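# Geometric and topological summary
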Amino acid sequence: MITAEPSNQPIDKSVPAIEVEHLTVSYGAVPALLDVSFAIPQGQLVGIIGPNGSGKSTLIKAILGFLRPDVGNVRIFGTPVERTRKLVAYVPQRGSVDWDFPVTVEEVAMMGRYGNIPWWQWGPSKADWEIVEEALSIVRMADLRKRQIGALSGGQQQRVFMARALAQGAQVVLLDEPFAGVDAATERAILSVLENAKKSGRTLVVVHHDLATAAEFFDALILLKQRLFAFGTPLQILQPELLSEVYDGNVRAFEHLRRVIEEKAK
Ligand code: ADP
Ligand code: MG
């Protein structure tokens, strides 16, 4: 177990990991999110689905406190996000990061510790390195610790950011499309990292593009298009009628999906 405990108080297990209440977020005059409310229990692996431009990335950034809502609020373990920042971490979308920056795998993971190293300490302590080591082993990147991040595959880069989040001591990790453009082997590797993190009690929220795998990967799904259309189990969400309303049509693919899910539920 990673021992970094950013909060001195133990977290009450019955409090939702994330509560979003009446959240409206706009860029200029147009709301990207309108009156969105939901609560995610601790220890779940939750997918956010919805068409392009439906506000998925905006929702993640608002949960992180990067964007100020017009209306509404976000609580992490019952406390406003401004006061729980260390408990929440972000794994950015690939392509939004400068991969030529000369930094190694373990240095990126150590960035997660910076906020925890006191100002009078000259550098990371032995304990900080142990936490980083453990985070790298959870994401199975310990063998590549000296590798430059620019020399990694897309899936490996995602895992290094996941390690940084774990090293930070985050209990809630939000990932924006970690599966976009990765091959099948990498997809399995990322999924097993998410499941590992979930086993350690963390709550994970993942923006996900591919409806076909959504049922397989997640405990619950958030269906978003500016408004919250639905929040529930994959079986509740992946209904042709509901999806065709949100995705404007393409019901044929959804019928196939539904059979996959029903098969799984047996
Ligand atoms: P998704 O991640 O689901 O594709 P986004 O949250 O990125 O959707 O975007 C939601 C809406 O907000 C889109 O209409 C998008 O064009 C708009 N939007 C996103 N970011 C900005 C921004 N920085 N400035 C203006 N509009 C934005
Ligand atoms: Mg997005």
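An account of the accompanying structure is given in this report. (Residues numbered from 1 in each chain as written. Chains lettered and ligands numbered in written order. Predicted model: local features only at pLDDT ≥ 70, side-chain atom pairs only at ≥ 80, totals over all residues. Heavy atoms only, no water.)

### Some points on the packing of aromatic side chains
Each aromatic ring pair is characterised by the separation of its centres together with the angle its planes make. Using the following cut-off: Each pair of aromatic rings taken from Phe, Tyr and Trp, with Trp reduced to its six-membered ring, is defined by centres within 6.5 Å and is described as stacked if the planes are under 30 degrees apart, edge-to-face if over 60, and tilted in the remaining cases. The way it works is that DSSP assigns letters per residue, a run of H or I at least four long becomes a helix, a run of E at least two long becomes a strand, and they are numbered from the N terminus. Partly exposed residues are those whose accessible area sits between 20% and 50% of the maximum for their type, while under 20% is buried and over 50% is exposed, using a 1.4 Å probe and protein chains only.
Counted according to the given criterion, the structure contains four aromatic pairs. Centre to centre, the rings of Phe179 and Phe217 are 4.9 Å apart; their planes meet at 45°, and the pair counts as tilted. In this pair, Phe179 sits in the loop between β7 (172-176) and α5 (184-199) while Phe217 sits in helix α6 (residues 211-217), placing the two residues 38 residues apart along the sequence. The same class applies to Phe179 as to Phe217, namely buried. Following the ring pairs from residue to residue traces out a cluster consisting of Phe179, Phe217 and Phe218.

### Quick notes on the pairing of strand β2 (residues 30-40)
Rule in force here: Should DSSP find at least two bridges between two strands, the strands are taken to pair.
Two elements, strand β1 (residues 18-27) and β2, share seven bridges in a ladder whose sense is antiparallel. Bridge assignment links Ser26 to a residue of β2, and that residue is Pro31. Between β1 and the antiparallel strand that follows it, β2, lie two residues; Gly28 among them carries a positive phi value of about 65°.

### Structural notes on the sheet that holds strand β6 (residues 88-91)
The condition that has to hold: Here, axes are lines fitted to C-alpha atoms. For helices the fit covers the stretch in contact, and angles between N-to-C directions go from 0 to 180 degrees. Contacts: residue pairs with any heavy atoms within 4.5 Å of one another.
Read across the sheet, six strands follow the order β6-β7-β8-β3-β9-β10 without closing on themselves; strand pairing throughout is mixed. Each of the sheet's edge strands pairs with one partner strand only, and the pair in question is β6 and β10 (227-232). Shown here is a sheet whose adjacent strand axes are inclined to one another by a mean of 15°, direction ignored. Relative to strand β8 (residues 203-207), strand β3 (residues 45-49) runs parallel, the two sharing four bridges. When the bridges of β8 are listed, Ile48 appears paired with Val207. Along the sheet, helix α8 (residues 240-247) contacts β3, β9 (220-225) and β10; its crossing angle with β9, the most-contacted strand, is approximately 35°.

### Description of unusual backbone geometry
Peptide bonds are, in most cases, trans, and in most cases residues other than glycine have a negative phi. The backbone of His22 shows a phi angle near 45°, a positive value even though the residue is not glycine. Tracing the backbone through its elements, the reader meets His22 in strand β1. Residue class for His22 comes out partly exposed when judged on its relative accessible area of 48%. A positive phi angle, close to 65°, is found at Gln226, a residue other than glycine. Within the secondary structure layout, Gln226 lies in the loop between β9 and β10. Here Gln226 falls in the partly exposed class, since its relative accessible area comes to 29%.

### Some details on the site of ligand 1
To be explicit about the condition: We define proximity as follows: a residue is near a molecule or strand when any one of its heavy atoms falls within 4 Å of that partner. Any pair of N or O atoms that falls within 3.5 Å is considered a polar contact. Within protein, one atom must be able to donate a hydrogen and the other to accept it, and sequence-neighbouring residues count only if both atoms are side-chain atoms. Classes in brief: Ala, Val, Leu, Ile, Met, Phe, Trp, Tyr, Cys and Pro nonpolar; Asp, Glu, Lys and Arg charged; the others, Gly included, polar.
If you check the shell around ligand 1, you find Tyr27, Ala32, Pro51, Asn52, Gly53, Ser54, Gly55, Lys56, Ser57 and Thr58 and nothing else. Between Gly55 and ligand 1, the recorded distance is 3.1 Å, taken from a backbone N or O atom to an oxygen atom. Grouping the constituent residues of the shell around ligand 1 by class yields three nonpolar, six polar and one charged.

Note that every value here comes from positions in space, so none of it alone points to a role or purpose.
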